[in-house]
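If you want the building blocks of each chain, they are given just below.
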Amino acid sequence: MTTTFITGANKSLGFETARRLVEAGHTVLLGARHRERGRAAAKALGARFVQIDVTDDASVQAAAADVAAHEGTIDVLVNNAGVLGKVGPVEEYTAADVSAVLDVNVVGIVRVTHAFLPLLRKSPNPVIVNVSSGMGSFSMTQDPARIESRYALPLYCASKAAVTMLTTQYAKELKDVKVNAADPGQTATDFTGGLGHSVADGAESIVTLATIGPDGPTGQFIDRSGNLPW
């Protein structure tokens, strides 16, 4: 039985990923900041709710302690929680706007990963999946043929570029853990105002990386079609 912890899993891509992994036979621990929404989502899926705010050290440590007490280990960590951040004229951005996005999208991954590493290392096949984006790819955002080139989202793009680089560097350092990044692509969620492909299609790359075996890749950045440029 594979035990998987997913952050930001009460809606959208996180919820769909949780649904697919429950369906695949995983024991899913559904992490969410909002207690009532998280409990409702977990109940709907047959998962267990674990409260977690990825921007709060105490909350993250409490979540790891909760999982240690109940499951004792996890096999897969999906760092899915993320925010879009401020959108609009770049001259209106403040340092606080930047910090708020980085705190969730990048520092949140560091907080959660380090808190859950001791539990992951009890697994015979520990896996970390960081949900990144093609919007953080220099190649894709500069390619006129790609939809990523049509948008200017400096804060979000910078944060996702950091997520992908963080992934590749952690993959080098954590020799005993497979660490990869998934790009859901433009998915019809509240982030995109409902534009893009289905949430089921968006979750495909996340589920693929969450279900790799002992011979699976590490340090990769993929979408549902395969490896991506960065």
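Refer to the structure presented above.
Residues numbered from 1 in each chain as written. Predicted model: local features only at pLDDT ≥ 70, side-chain atom pairs only at ≥ 80, totals over all residues. Heavy atoms only, no water.

### Quick look at unusual backbone geometry
Even without being a glycine, Ser-12 presents a positive backbone phi close to 50 degrees. Mapped onto the fold, Ser-12 is located in helix α1 (residues 12–23). (Helix = DSSP H or I, 4+ residues; strand = E, 2+ residues; numbered from the N terminus.)

### Quick notes on the sheet that holds strand β3 (residues 48–51)
Strand order in this open sheet of eight strands is β3-β2-β1-β4-β5-β6-β7-β8, and the pairing throughout is mixed. A single partner strand is all that each edge strand has here, and the edge strands are β3 and β8 (226–227). Of the strand pairs in this sheet, strand β1 (residues 3–6) and strand β4 (residues 76–79) are connected by three bridges, and their pairing is parallel. The residue of β4 that forms the bridge with Thr-4 is Val-76. Along the sheet, helix α3 (residues 57–70) makes contact with β1, β2 (27–32) and β3, crossing β3 at roughly 145 degrees. The strands touched by helix α6 (residues 154–173) within the sheet are β5 (127–131), β6 (178–182) and β7 (221–223), with β6 carrying the most contacts at an inclination of about 160 degrees. (Pairing = 2+ DSSP bridges. Contact = heavy atoms within 4.5 Å. Axes fitted to C-alpha atoms, helices over the stretch in contact; angles between N-to-C directions.)

### Remarks on the packing of α3 against helix α4 (residues 95–120)
Running from N to C, α3 and α4 point in directions that differ by 20 degrees, and their axes come no closer than 9 Å. What the angle tells us is that α3 and α4 run roughly parallel. Judged by the sense of rotation from one axis to the other, the crossing of α3 with α4 is right-handed. Packed against α3, whose contacting residues are Asp-57, Val-60, Gln-61, Ala-63, Ala-64, Val-67 and Ala-68, the element α4 presents Arg-111, Val-112, Ala-115, Phe-116 and Leu-119 at the interface. (Parallel < 35°, antiparallel > 145°, perpendicular 65-115°, else oblique. Left-handed = near helix turned anticlockwise from the far one by under 90°.)

### Digging into the pairing of β5
Counting buried residues in β5 gives five out of five residues, a clear majority hidden from the surface. Alternating positions in β5 separate into two faces, Val-127, Val-129 and Val-131 on one and Ile-128 and Asn-130 on the other, with burial throughout. Read as a crossover between parallel neighbours, the route from β4 over α4 to β5 is right-handed. Relative to β6, β5 runs parallel, the two sharing five bridges. Among the inter-strand pairings, Val-129 is bridged to a residue of β6, identified as Asn-180. (Buried < 20%, exposed > 50% of the residue type's maximum accessible area, 1.4 Å probe, protein only. Right-handed = clockwise from strand over helix to strand, strands pointing away.)

### A word on the packing of aromatic side chains
Within this structure, the stated rule accounts for one aromatic pair. Where Phe-5 meets Phe-116, the ring centres are 4.6 Å apart and the plane angle is 25 degrees; that geometry is what we call stacked. Remark: Phe-116 occurs in helix α4 and Phe-5 occurs in strand β1; sequence separation between them is 111 residues. Both residues of the pair, Phe-5 and Phe-116, belong to the buried class. (Phe/Tyr/Trp six-rings, centres within 6.5 Å; stacked < 30°, edge-to-face > 60°.)

### Brief notes about the environment of Glu-16
The residue Glu-16 is located in helix α1 in this model. Under the relative-accessibility criterion, Glu-16 is labelled buried at 10%. A C-alpha to C-alpha distance of 24 Å links Glu-16 and Ser-59, two positions 43 residues apart in sequence. Residues in contact with Glu-16, not counting those within four places in the same chain, are Val-199, Ala-200 and Ala-203.

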